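# Observations on the model geometry
Okay, here's what each chain looks like letter by letter:
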Amino acid sequence: MGIDKKKVLPVVVDELRLLAEEQLAERTSSVEFPLGEDEARRLVHELEVTQVELEMQNDELRHAQVELERSRDKYLELYDFAPIGYFTFDERGLIREVNLAGSHLLGIERGPLARAPMSRFIVDAEGRTVFSRHLKNVLQKEGMQECEVKLTRSNGSVIHTRIQSIAVASGENRNREILSSILDVSVAKQLELANREAREFAENIVETLREPLVVLEAGLKILTANHCFYEMFQVTPEETVGKFIYDLGNRQWDNPRLRVLFEEILPRHTVINDYEVEHDFPHIGHRIFLLNARQIFRGDIGSDVILLAMEDITERRQLGNDLQKAHKELESVVLERTAELTRANKQLTEEIADRKKAEMSLQEAYGEIKLLKDRLQEENIYLRQEVDKKYNFGEIIGQSQALSIIFSQVQQVAPMNATVLLLGETGTGKGVVARAIHRSSTRKDRSLITVNCTTLPATLVESELFGREKGAFTGSDARQIGRFELANGGTIFLDEIGEMPLELQSKLLRVIQDGEFERLGSPRTIKTDVRIIAATNRNLKEEIRNGKFREDLYYRLNVFPITLPPLRQRKEDIPLLVDHFVTKFNAKIGKKIETVSSNTLTLLQKYHWPGNVRELESVIERAVITSQGNSLQVLDRFEVFPVAGEQTDRTEEGGLEGRRSGQDVKGLVEVERDHIVRVLQKTGWRIEGKNGAALILGLNASTLRARMRKFGIVRK
Ligand SMILES: Nc1ncnc2c1ncn2[C@@H]1O[C@H](COP(=O)(O)OP(=O)(O)OP(=O)(O)O)[C@@H](O)[C@H]1O
């Protein structure tokens, strides 16, 4: 059911013929008969020309007709194959003509569509009403009219169409008919729907956001905002949308930081994160915001828009600051508490240690008490003495039988006020015993004053012992308290008493007898309560015989004599003493000697120790200094002398191994003298100093000089 082309062309040809016949009739009507031959010829000629003209016109017409038909065909092709459905309706809406696209639109061949009412294809009653109103409008109003209806296709699917119609008069009767284009806009409608949904979705998201959000166009006018934004800045949508951002609510957005963001940063960056703005906003007060901005191209308005979301971190920042402050305070409290706890802990540890110590000493004391109790029960004094011997007496180290006798004597005499005379070779420990007696006596809390009679110049001994008044002798420009006065209530230890000048011995006798003396240069008698301990390595009886020592003084001093055994007579004490001195010098020198080989001990025990414990002490000090590692190495080479009752091995170098000698047995004094001479020869007669004989012999230089005087040793 397309357009009929025959309907148009014959009309044109007939009209042309009629026109030609009319023109011919006009011409022939003016011609008069009979005509002359010339006239006739002229007429024939004219006729022939007219005929030729007519034939030419005929050709042109045919040509035009062909052209017309061609364009008609083209038009029909275009009409049929146009992508838009074209329909022609009569005034009641019956289909008169439809092109191929129109039949495809409905999915029905063109034949069955002829004279079909369009309303049959409209989906619902509402659509049908819309279409009939549309037809009425088209017929009544000028120009193109438009409506949208949904149509059902032959396969049952529904399409959304837009109909545009215009009324035209056609045919010989000039009947009105309606030309319509019907376009399937389903896809566009779907898109529009999807767009609307997407927009609504986006709007919902924006509205759901708890953060204020504002959308600006590129010129910084506000396109939209969410309700959080309105609430936060206390503005209404009407006051906001379309407003220039700086003009918003009291110009609260017109601040330097925001201007920097909008005018300097955003033109150069598409995305800005966490841009901090701290500002006193006129309506809402002091706030800190983190701004996140994003520029997005919006197709619908053809330009960029700026999405600006704000995070109000005022409280969080405040909270953070408070938290940091609280944290710092807490930290300092923790530090203080930790320090307190550490202190308390230390104190506790100390207390525990003290308690443990106390507990241990309590246990020890308990043990001792138990021991003493047992002893008491046995009432055996001898046993008690034995037990005490096991303990070293003050500084006195040793366990030998010889020493245990000394311990008993010290124990017996210490509590009494009796004068004690200590006898024995040099270095045997007379000073040590004197201190032990004092410490065990009732005078232990008062002073022990020591006077070495050898070291004091003879001229000063008297004033040293008894004191002097100012001007007592030339050069004495101050008063001096004597040692006897100083020792009042305590003990005086007169070392090397054998060296005391004879004239002083009588004064000393008086002090011992009456407890009285006078200061030099003073007639006033001074009373003193002093316990006297005297010591000597000389044979006092011999000194008396030689007239060098007062006999009466001797007897006064010899109330309780204690003779200290030489070290060679108690060699079993050597390991203990070595151990004691190694510990002492380790601590003093900062060494860590832990072992002493049995060879070394044997070597030390074989030597006869003329300088006794003092000499041993010096040897060990030297050995501790020179030893490498943790084992004691003694480098000294000992001179060995045969001693009464002993046979000693000796090497060429003076070591302890070597050939046995059965030489003459010498007295102790002689041995001592010889030894001093040998040592002096070895040191080139140097007495004092590092390489002096006194150090090797373990004697004070003054003691050595006294010995030399005593033995009459002089450099040859
Ligand atoms: N039994 C001992 N236990 C520990 N050390 C001792 C012992 N005997 C002596 N000593 C030490 O030996 C050194 C000499 O001792 P002290 O001065 O008492 O001897 P001394 O007999 O008085 O000598 P001197 O007659 O030359 O004055 C001191 O350093 C002393 O500590």
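Source: prediction; values computed, not measured.

Attention now moves to the pattern of salt bridges. For the coordinates displayed, the defined rule picks out 42 salt bridges. Linking Asp38 and Arg41 is a salt bridge whose minimum nitrogen-to-oxygen distance equals 3.7 Å. Placement of the pair is Asp38 and Arg41 together in helix 2 (residues 37–81), with a separation of 3 residues, close to one helical turn. Exposure remark for Asp38: the relative accessible area of 60% places this residue in the exposed category. We note a salt bridge from Arg510 to Glu516, for which the minimum N-O separation is 3.4 Å. Take Glu516: its relative accessible area is 22%, and that puts it in the partly exposed class. Each of Glu146, Glu148, Arg162, Lys189 and Glu192 takes part in a single network of salt bridges with overlapping partners.

Per the counting criterion, the structure on display carries 3 cavities of 30 Å³ or more. Of the pockets and cavities examined, the largest cavity occupies roughly 50 Å³. Among the elements that make up the lining of the largest cavity, the one with the highest residue count is helix 23 (residues 668–682) (3 residues). Residues of the lining of the largest cavity, tallied by class, amount to 4 nonpolar, 3 polar and 2 charged.

With that settled, the discussion passes to helix 17 (residues 502–514). The end-to-end C-alpha separation of helix 17 is 19 Å, in line with the 18 Å expected for 13 residues at 1.5 Å each. Among the residues making up helix 17, those that are buried are Leu504, Gln505, Leu508, Leu509, Val511 and Ile512. Projected onto a plane normal to the axis of helix 17, the buried residues spread over an arc of 165° and lie on a single side. Two residues or fewer past helix 17, Gly515 is found with a positive phi of approximately 70°.

Look at helix 20 (residues 574–589) against helix 22 (residues 612–626): their axes get within 9 Å of each other, and the N-to-C directions meet at 50°. By the angle between their axes, helix 20 is oblique relative to helix 22. Helix 22 is crossed by helix 20, and the crossing has right-handed handedness. Taking contact as the criterion, the partners of Leu577, Val578, Phe581, Val582, Lys584, Phe585, Asn586, Lys588 and Ile589 in helix 20 are, on helix 22, Val613, Leu616, Glu617, Ile620, Glu621, Val624 and Ile625. Residue classes in the contact of helix 20 with helix 22 are distributed as 11 nonpolar, 1 polar and 4 charged.

Before going further, it helps to spend a moment on the packing of aromatic side chains. For the coordinates displayed, the defined rule picks out 19 aromatic pairs. Here the aromatic rings of Phe229 and Tyr230 are separated by 6.2 Å at their centres, their planes lie at 80°, and the arrangement is edge-to-face. Each member of the pair, Phe229 as well as Tyr230, carries the same accessibility label: buried. An angle of 45° between the planes, with centres 5.8 Å apart, marks the rings of Phe229 and Trp253 as tilted. Within this pair, whereas Phe229 is found in helix 7 (residues 227–233), its partner Trp253 is found in the loop between helix 9 (248–251) and helix 10 (256–265), the two being separated by 24 residues in sequence. On the basis of relative accessibility, which here comes to 0%, the residue Phe229 falls in the buried class. Taking the ring centre of Tyr275 as reference, the NZ or CZ of Arg257 above it sits at 4.1 Å. The ring of Tyr246 is capped by Arg259, whose NZ or CZ atom sits 3.9 Å from the centre of that ring.

Scored by pLDDT, the protein chain has a mean of 83; 87% of the residues are at 70 or more. Residue range residues 375–391 is modelled with pLDDT below 50. Its contacts to residues more than four positions away, or to other chains, number 15 contacts. For residues 641–665, every residue scores under 50 in pLDDT, and the model assigns this stretch 47 contacts once sequence neighbours within four places are set aside.

It is worth spelling out the site of the ligand at this point. Taken together, 20 residues sit near the ligand, with Ile397, Thr426, Lys430, Gly431 and Glu617 positioned nearest. Within the backbone of Val432, one N or O atom sits 3.1 Å away from an oxygen atom of the ligand. Here the shell around the ligand is built from residues that sort into 6 nonpolar, 6 polar and 8 charged. Per-domain counts for the shell around the ligand show at least three residues from each of domain 4 (386–563) and domain 5 (566–636).

Before going further, it helps to examine the sheet that holds strand 8 (residues 271–281). Pairing is antiparallel across the open sheet formed by 5 strands, whose spatial order is 7-6-10-9-8. Every interior strand has two partners, whereas the edge strands, strand 7 (222–225) and strand 8, have only one. The sheet shows a mean angle of 25° between the axes of neighbouring strands, direction not considered. Here strand 6 (residues 213–217) pairs with strand 10 (residues 303–312) via 5 bridges, running antiparallel. In the strand pairing of strand 10, Leu213 is matched with Ala309. Docked against the sheet, helix 10 engages strand 6, strand 8, strand 9 (285–298) and strand 10, running at close to 150° with respect to strand 8.

On to the nonpolar core, then. Ranked by internal contacts, the top residues of the largest apolar core, which has 31 residues, are Leu465, Phe484, Ile492, Leu494 and Leu557. Listing elements by their share of this core, those giving two or more residues are strand 11 (420–423), strand 12 (448–452), helix 15 (458–466), strand 13 (491–495), helix 17, strand 16 (531–536), helix 18 (540–545) and helix 19 (551–557). Broken down by element, the residue count for this core peaks at 5 residues, all from helix 17. Residues in contact with Leu557, not counting those within four places in the same chain, are Thr419, Val420, Leu421, Ile497, Ile512, Ile532, Ala534 and Phe549. Ranked by size, the runner-up nonpolar core spans 30 residues in total, among them Met232, Leu266, Ala293 and Ile306.

Once that is clear, we can look at the sheet that holds strand 16. The 5 strands lie next to each other as 12-13-16-11-17, forming an open sheet whose pairing is parallel. Lying at the two open borders of the sheet, with one neighbouring strand each, are strand 12 and strand 17 (560–563). With strand direction ignored, the average angle separating the axes of adjacent strands in the sheet is 20°. Where strand 11 meets strand 17, 4 bridges bridge the pair, whose relative direction is parallel. The residue bridging Leu422 from the neighbouring strand is Ile562, located in strand 17.

Calculation notes
- Residues numbered from 1 in each chain as written.
- Predicted model: local features only at pLDDT ≥ 70, side-chain atom pairs only at ≥ 80, totals over all residues.
- Heavy atoms only, no water.
- Salt bridge = Lys/Arg side-chain N within 4 Å of Asp/Glu carboxyl O.
- Helix = DSSP H or I, 4+ residues; strand = E, 2+ residues; numbered from the N terminus.
- Buried < 20%, exposed > 50% of the residue type's maximum accessible area, 1.4 Å probe, protein only.
- 1 Å grid on protein atoms, 1.4 Å probe; cavity = no way out; pocket = protein on both sides within 12 Å on 5 of 7 lines; lining within 4 Å.
- Points joined across faces, edges and corners; volume = space filled by probe spheres on them.
- Nonpolar A, V, L, I, M, F, W, Y, C, P; charged D, E, K, R; others polar.
- Expected span 1.5 Å × (residues − 1).
- Arc of directions from axis to C-beta.
- Axes fitted to C-alpha atoms, helices over the stretch in contact; angles between N-to-C directions.
- Parallel < 35°, antiparallel > 145°, perpendicular 65-115°, else oblique.
- Left-handed = near helix turned anticlockwise from the far one by under 90°.
- Contact = heavy atoms within 4.5 Å.
- Phe/Tyr/Trp six-rings, centres within 6.5 Å; stacked < 30°, edge-to-face > 60°.
- Lys NZ or Arg CZ within 6 Å of the ring centre and 35° of its normal.
- pLDDT = per-residue confidence, 0-100.
- Near = heavy atom within 4 Å.
- Polar contact = N/O pair within 3.5 Å; in protein donor to acceptor, adjacent residues only side chain to side chain.
- Domains from an automatic or database assignment.
- Pairing = 2+ DSSP bridges.
- Core = buried A, V, L, I, M, F, W, Y, C linked by side-chain atoms within 4.5 Å.

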